[in-house]
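What follows is the residue order along each chain.
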Amino acid sequence: MKQELLMKQKALDDPKTHDNVFVAEPDSLHAQQEVLELFLSYLPRRYPDLYQYDSKANTIRVVPIDTTFHIEDWEKERPLELCERIVQEDLILMRPPRRATRTTTETSSNNNKVNNHEQYDHQYALAAAGVVFSFGNLPEKLGKPMSIIHAPVPAYEKQLSKTLTMTFDKLLKINEPLWRTNWSIDPCGMLDQRPDSHGSTEGQSNRTLSSTVTIDDIKAKFLAVEYQTIRRLPKSGYLLFTVKVMTDPMTALEELPQAASCLAQSIRGMRPAMQQYKGIQDETTLQVVLEYLDSIVLGKSNINKGQEDGGGGD
């Protein structure tokens, strides 16, 4: 935790990188404040060894980095940035659909022209975010709807958009957060040096595995796993996404054959376009990746079988 928080302070303190890792629409302030209230209420109670909240001094101390934040310095302008600084997760606020001013003309029954000036926008849009680890090109995404943010994802309109709509509809009816996971194969294991702008030409190039890749090349990579939660804020109606990114060497799977099996199953279940989005660009690359994962599963199975048969020891 300490390492991740220090990385965040560095990125947010540096004027050269700050605006690339924190963005906010001015009218999102009330939703940002709602997140801060939630964090100040929950974190010190749930993790008293990590967070110390002083209501009289209006401060919160983050024990792992031995830093005290004065809440009044943040709550009126950038409350979500304070939240981003004190937890490991990246934080994204999506504003609810709002009425957009669009003019349409209709003809009434007596042939008079009638102008309608309001039409409902049915998409959530990015209103504020602190993102150091999970994705890049953040300033370009501010104010954009989900369809544009996820445009690089294969089959978004046909498949993922419907799933997200159902998820958002479900959040309107429940008070509990929902969660999902995601993964990628990265060339670097440092969270603050991950190939950014996933889905862009640069990010895709950094993640794409060469068609001449070998098993040794795969072993030199890192598996990045994202644990994401989504919850609806009751006062503002905004959606709060949290994204925790964890990286491990691909070779760590050799001690976790079930995880290797799940990853192989996930890759096999993908369409070629999604495999390419994940960096597996052709059939040759696919076979090498699967060969490595399958060897972990089969190797572990053979060891277990030998122990069951009484082999492998006195």
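About the cut-offs
Residues numbered from 1 in each chain as written. Predicted model: local features only at pLDDT ≥ 70, side-chain atom pairs only at ≥ 80, totals over all residues. Heavy atoms only, no water. Phe/Tyr/Trp six-rings, centres within 6.5 Å; stacked < 30°, edge-to-face > 60°. Buried < 20%, exposed > 50% of the residue type's maximum accessible area, 1.4 Å probe, protein only. Helix = DSSP H or I, 4+ residues; strand = E, 2+ residues; numbered from the N terminus. Core = buried A, V, L, I, M, F, W, Y, C linked by side-chain atoms within 4.5 Å. Contact = heavy atoms within 4.5 Å. Pairing = 2+ DSSP bridges. Axes fitted to C-alpha atoms, helices over the stretch in contact; angles between N-to-C directions. Nonpolar A, V, L, I, M, F, W, Y, C, P; charged D, E, K, R; others polar. Left-handed = near helix turned anticlockwise from the far one by under 90°. Polar contact = N/O pair within 3.5 Å; in protein donor to acceptor, adjacent residues only side chain to side chain. Salt bridge = Lys/Arg side-chain N within 4 Å of Asp/Glu carboxyl O.

1. Quick look at the packing of aromatic side chains
- Taken as a whole and assessed by the stated rule, the structure comprises three aromatic pairs.
- Where Phe69 meets Trp74, the ring centres are 6.4 Å apart and the plane angle is 70°; that geometry is what we call edge-to-face. Both residues of the pair, Phe69 and Trp74, belong to the buried class.
- An angle of 25° between the planes, with centres 5.6 Å apart, marks the rings of Trp179 and Tyr227 as stacked. Residue Trp179 is found in strand β9 (residues 178–186), and its partner Tyr227 is found in strand β10 (residues 222–232); the two are separated by 48 residues along the sequence.
- For Trp179, a relative accessible area of 58% puts it in the exposed group.
- When its relative accessible area of 35% is taken as the criterion, Tyr227 is described as partly exposed.

2. What about helix α4 (residues 79–86)?
- Counting buried positions over the eight residues of α4 gives eight, a clear majority of the element.
- What α4 keeps buried is the set Pro79, Leu80, Glu81, Leu82, Cys83, Glu84, Arg85 and Ile86.

3. Side note on the nonpolar core
- Ranked by internal contacts, the top residues of the largest apolar core, which has 48 residues, are Val35, Phe39, Leu80, Ile86, Ile92, Leu93 and Met94.
- Those elements that place two or more of their residues in this core are α1 (2–13), β1 (22–24), α3 (29–46), β3 (59–62), α4, β5 (90–95), β8 (125–130) and β11 (239–249).
- When near neighbours in sequence (up to four residues on either side) are disregarded, Phe39 contacts Pro44, Cys83, Ile86, Val87, Leu91 and Leu240.
- Of all hydrophobic cores here, the second largest spans 21 residues; its members include Trp183, Met270, Leu293 and Ile296.

4. Remarks on the sheet that holds β5
- The sheet built from six strands is open, its strands ordered β1-β8-β5-β11-β10-β9 with antiparallel pairing. Single-partner strands in this sheet number two, and they are β1 and β9. Geometrically, the sheet is characterised by an average inter-axis angle of 25° between neighbouring strands, direction not taken into account.

5. Describing the packing of α1 against α4
- Packing of α1 against α4 leaves a shortest axis separation of 8 Å and a crossing angle of 145°. Two secondary-structure elements touch here, α1 through Leu5, Lys8, Gln9, Leu12 and Asp13 and α4 through Glu81, Glu84, Arg85 and Ile86.
- A class-by-class count of the residues in the contact of α1 with α4 yields three nonpolar, one polar and five charged.

6. Topic: the packing of α3 against α4
- Two elements in contact, α3 and α4, have axes separated by 7 Å at closest approach and are oriented at 35°. Two packed elements cross with a definite hand, and for α3 against α4 that hand is left-handed. On α4, the residues that touch Leu29, Gln32, Gln33, Val35, Leu36, Phe39 and Leu43 of α3 are Pro79, Leu80, Leu82, Cys83 and Ile86.
- Of the residues contributing to the contact of α3 with α4, the split by class is ten nonpolar, two polar and no charged.

7. Details of the side chain of Glu25
- You can see Glu25 is positioned in the loop between β1 and α3.
- A residue is classified by how much of its surface remains accessible, and Glu25, at 14% relative accessible area, is buried.
- Engagement of the side chain of Glu25 in a polar contact is seen with the side chain of Arg95, the distance being 2.9 Å.

8. Section: the pairing of β5
- Among the six residues of β5, six are classified as buried, and the element is accordingly described as predominantly covered.
- Residues Asp90, Ile92 and Met94 line one face of β5 and the alternating positions Leu91, Leu93 and Arg95 line the opposite face, and both faces are buried.
- Note that β5 and β11 share five bridges and pair antiparallel. Each bridged residue has a counterpart across the sheet, and for Leu93 the counterpart in β11 is Leu240.
- Both β5 and β8 contribute to a ladder of five bridges, which runs antiparallel. In the strand pairing of β8, Met94 is matched with Leu126.

9. Overview of the pattern of salt bridges
- Applying the stated rule across the entire model yields nine salt bridges.
- Linking Glu37 and Lys235 is a salt bridge whose minimum nitrogen-to-oxygen distance equals 3.2 Å. Placement of Glu37 in helix α3 and of Lys235 in the loop between β10 and β11 is noted, with a sequence separation of 198 residues between them.
- Judged by relative accessible area, Glu37 falls into the partly exposed class, the value being 45%.

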